[in-house]
Amino acid sequence: MIGIYQTGLLAAFICIIIAFISLYQETDDLHRLILTDLAEIMALLLIALVATDLAEALILPGLVVMIAELMALAEIYLVKEGIQRKKNSSALDIEVLQTAPPIFAGILVLYGIILSGFSGGAVAGLGIIFYCVCKGSDEVFTHIETASGYAWVAWIAAFFIFLLLPEQWFFAVMIAGGAILIKVMAKFSLIGTMSGDPDV
Amino acid sequence: MFDQGIEGAGLFMIEFGDIVPYFSVYTATLFAFAIIFILLAAFSIPEKQMDIIFGGDAYYAKEIKPADLRFQRFMALACGTATLGAVVTGDIFNFTLFAAMIGITNIGIVASSRSHHVLNAAYQYGIVAMIACVPLFGGAAMILATTGTLSIWTLAGIGAAPILAKILLVLGVMGEGMAPFYIGKAEITRAQGAPFILMVHVSSLLLFLRAVEIILVI
């Protein structure tokens, strides 16, 4: 009788064998370091197979220990290969922060639009802050200002609709919601432009 | 627990539910041994390397920077403390965590030397130690899954732990306790690493002895 645990164990062992074969065949030091991370995930898989509250409690210390080892090894690799950080780079000068911003900002802005209103503006603004902090903000700023101005006008227009044509309240709510979204987003993204420039 | 013929007499135990830290004659001996070497690491100063120029009377001594010394000493003390934990604990998963911590601190002790070949050896050992986490944690997790407990106190003598889990545990401890081989490879038993390198050997030895005890008892 093969239970679900045994099946999972079998699958885990197949994964472990694949990971170990890849480690065995790889000769480049950096690639081996990355592959050990794969092996670590297999260890977490074995713990997770227990599938009780205790397993959940055991995964966290296991993960911490493994990440500590990975970081120590990465540091040794840097010293060993004589790789040094560029002199005039900030703490945010990481490759991921060059490639991720469009995707993350896109997701956050989209989600903000779905939420709409004040909280939606905050979420979307966060996306734009992230984009501006990572990518710099030379020409983005003027566009944001313009959009903010139009949003203010739309907001006021929505109030006039509320007062003059109360039966069109739903239309007014939609305009006001969209306008406040853009307004809050623009306010938020100002924070992002603040730290972008070294002269400011 | 203490009728297995391995532990010797039971000296002291604290019953926290099912997780029981205990001292038997065996583990108390290991504990005392670890304490002695922690004190040695805490109160000793590093050995300086002398390079003699052949064909003359000249020699020069390499200076060890205070920052390097502090780092190495801290790592040696941390390694000793992790060894103490591994020796005393009554929980198999805690034992594996302490074993992994010994691995990390061993990497630190070896890596505090600046030479390229030493760093290479430390790196190789680090990769082995990281891979060894798989059987180490895997063994502990399998014991938990099959018996429902991780307490050495509860598992003692009932023989419920599967043989595969025991094998995995031994494999994991072998990987974590592999450091002395890499020290031999880097040739830093004297001069560059002494006396802090001693802690690597001691922790490895104690880890193996404790693992043998756990494997025989559960």
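Residues numbered from 1 in each chain as written. Chains lettered and ligands numbered in written order. Predicted model: local features only at pLDDT ≥ 70, side-chain atom pairs only at ≥ 80, totals over all residues.

1. Overview of the overall build of chain B
Point 1. Each helix and strand in chain B was counted, giving eight helices and four strands.
Point 2. Order of helices (α) and strands (β) in chain B, N terminus to C terminus: β-β-α-β-β-α-α-α-α-α-α-α.
Point 3. Along the first, second and third principal axes, the C-alpha atoms of chain B reach 70 × 35 × 25 Å.
Point 4. Across the 218 residues in chain B, those meeting the buried criterion constitute 47%.
Point 5. Long-range pairs, those at least 24 residues apart, make up 69% of the contacts in chain B between residues at least 6 apart in sequence. (Helix = DSSP H or I, 4+ residues; strand = E, 2+ residues; numbered from the N terminus. Buried ≥ 20, exposed ≤ 12 C-beta atoms within 10 Å, placed from the backbone. Contact = placed C-beta atoms within 7 Å.)

2. Here's the deal with the overall build of chain A
Point 1. Each helix and strand counted, chain A has eight helices and zero strands in total.
Point 2. In chain A, the order of α-helices and β-strands from amino to carboxyl end is α-α-α-α-α-α-α-α.
Point 3. Sequence separation of at least 24 residues holds for 63% of the intrachain contacts in chain A that already meet a minimum separation of 6.

3. Some thoughts on helix α1 (residues 25–43) of chain B
Residue and element names in this part refer to chain B.
Point 1. With 19 residues, α1 should cover 27 Å at 1.5 Å per step; its first-to-last C-alpha distance of 27 Å lies within 8% of that length.
Point 2. Three or more residues of α1 are buried, namely Tyr26, Thr27, Leu30, Ala34, Phe37, Ile38 and Ala41. Buried residues of α1, seen end-on, are gathered within an arc of 110° and therefore sit on one face of the element. Exposed positions of α1 whose direction lies more than 90 degrees from the buried face are Val25, Ala32, Ile36, Leu39, Ala42 and Phe43.
Point 3. Elements in contact with the buried residues of α1: β2 (22–24), α2 (66–88) and α8 (197–217). (Expected span 1.5 Å × (residues − 1). Arc of directions from axis to C-beta.)

4. Re the nonpolar core
Point 1. One finds Val110, Ala122, Cys133, Ala140 and Ala141 of chain B to be the most contacted residues of the largest nonpolar core, which totals 91 residues.
Point 2. Listed in part, the 24 residues of the second largest apolar core include Cys134, Ala151, Leu181 and Met185 of chain A. (Core = buried A, V, L, I, M, F, W, Y, C linked by C-beta atoms within 7 Å.)

5. Concerning the interface of chain A and chain B
Point 1. Each side of the interface is counted separately: chain A has 29 residues, and chain B has 26 residues.
Point 2. When contributions to the side of chain A that touches chain B are tallied by element, the ones reaching two or more residues are α1 (4–25), α2 (29–48) and α3 (53–81) of chain A.
Point 3. Tallying contributions element by element places α3 of chain A first for the side of chain A that touches chain B, with 15 residues.
Point 4. Residue composition of the side of chain A that touches chain B, by class: 22 nonpolar, two polar and five charged. (Nonpolar A, V, L, I, M, F, W, Y, C, P; charged D, E, K, R; others polar.)

6. Quick word on unusual backbone geometry
Residue and element names in this part refer to chain A.
Point 1. Backbone geometry at alanine 51 places phi at a positive 55°, although glycine is not the residue there.
Point 2. Inspection of the secondary structure assignment puts alanine 51 in the loop between α2 and α3.
Point 3. Classification of alanine 51 as partly exposed rests on a count of 13 C-beta atoms within 10 Å.

7. Thoughts on the environment of leucine 44 of chain A
Residue and element names in this part refer to chain A.
Point 1. Relative to the helices and strands, leucine 44 resides in helix α2.
Point 2. According to the C-beta neighbour criterion, leucine 44 is buried, with 21 such atoms within 10 Å.
Point 3. The spatial distance from the C-alpha of leucine 44 to the C-alpha of isoleucine 59 is 6.2 Å, given a sequence separation of 15 residues.
Point 4. Once residues lying within four places of it in the same chain are set aside, the contact partners of leucine 44 are Ile59, Gly62 and Leu63.

8. Looking at the domain arrangement of chain A
Point 1. Considered domain by domain, chain A is made up of domain 1 (4–81) and domain 2 (96–194).
Point 2. Each of domain 1 of chain A and domain 2 of chain A has a C-alpha centre, and these two points are 42 Å apart. (Domains from an automatic or database assignment.)

9. As for the confidence of the model for chain B
Residues and elements named next belong to chain B.
Point 1. With 98% of its residues at a pLDDT of 70 or more, chain B has an overall mean of 86.
Point 2. Mean pLDDT across the elements of chain B bottoms out in strand β3 (residues 50–52) (78) and peaks in helix α6 (residues 163–176) (93).
Point 3. Predicted complex metrics record ipTM = 0.83 and pTM = 0.72. (pLDDT = per-residue confidence, 0-100.)

10. Some words on the environment of histidine 117 of chain B
Point 1. Summarising the element assignment, histidine 117 of chain B is placed in helix α4 (residues 116–147).
Point 2. As for histidine 117 of chain B and alanine 186 of chain B, which are separated by 69 residues in sequence, their C-alpha atoms are 6.4 Å apart.

11. Remarks on the confidence of the model for chain A
Any segment with low pLDDT has predicted coordinates that should not be analysed in fine detail.
Point 1. Averaged over all residues, the pLDDT of chain A equals 81, while 87% of them reach at least 70.
Point 2. Here helix α4 (residues 96–99) of chain A stands out as the least confident element of chain A, with mean pLDDT 74; α1 of chain A is the most confident, with 91.

12. Overview of helix α3 (residues 92–111) of chain B
Point 1. Across its 20 residues, α3 of chain B extends 29 Å between first and last C-alpha, which sits within 8% of the 28 Å expected from 1.5 Å per residue.
Point 2. The element α3 of chain B is largely enclosed, with a buried count of 19 among its 20 residues.

13. Observations concerning the packing of α4 of chain B against helix α7 (residues 179–186) of chain B
Pairs of packed helices are described in terms of their axes, by the angle between the two and the distance that separates them.
Residues and elements named next belong to chain B.
Point 1. Two numbers describe how α4 lies on α7: the axes approach to 9 Å, and their chain directions differ by 160°. When the interaxial angle is binned, α4 and α7 end up roughly antiparallel. In terms of crossing hand, the pair formed by α4 and α7 is right-handed. Here α4 contributes His117, Val118, Ala121, Gln124 and Tyr125 to the contact with α7, which in turn contributes Ala179, Tyr182, Lys185 and Ala186.
Point 2. Taken together, the residues of the contact of α4 with α7 break down into six nonpolar, two polar and one charged. (Axes fitted to C-alpha atoms, helices over the stretch in contact; angles between N-to-C directions. Parallel < 35°, antiparallel > 145°, perpendicular 65-115°, else oblique. Left-handed = near helix turned anticlockwise from the far one by under 90°.)

14. Comments concerning the packing of α1 of chain B against α2 of chain B
Residues and elements named next belong to chain B.
Point 1. One way to put it is that α1 packs onto α2 with a least axis distance of 9 Å and a crossing angle of 170°. By the angle between their axes, α1 is roughly antiparallel relative to α2. Of the residues in α2, those in contact with Thr27, Leu30, Phe31, Ala34, Phe37, Ile38, Ala41 and Ala42 of α1 are Arg73, Ala76, Leu77, Gly80, Thr83, Leu84, Val87 and Val88.
Point 2. In terms of residue class, the contact of α1 with α2 is built from twelve nonpolar, three polar and one charged.

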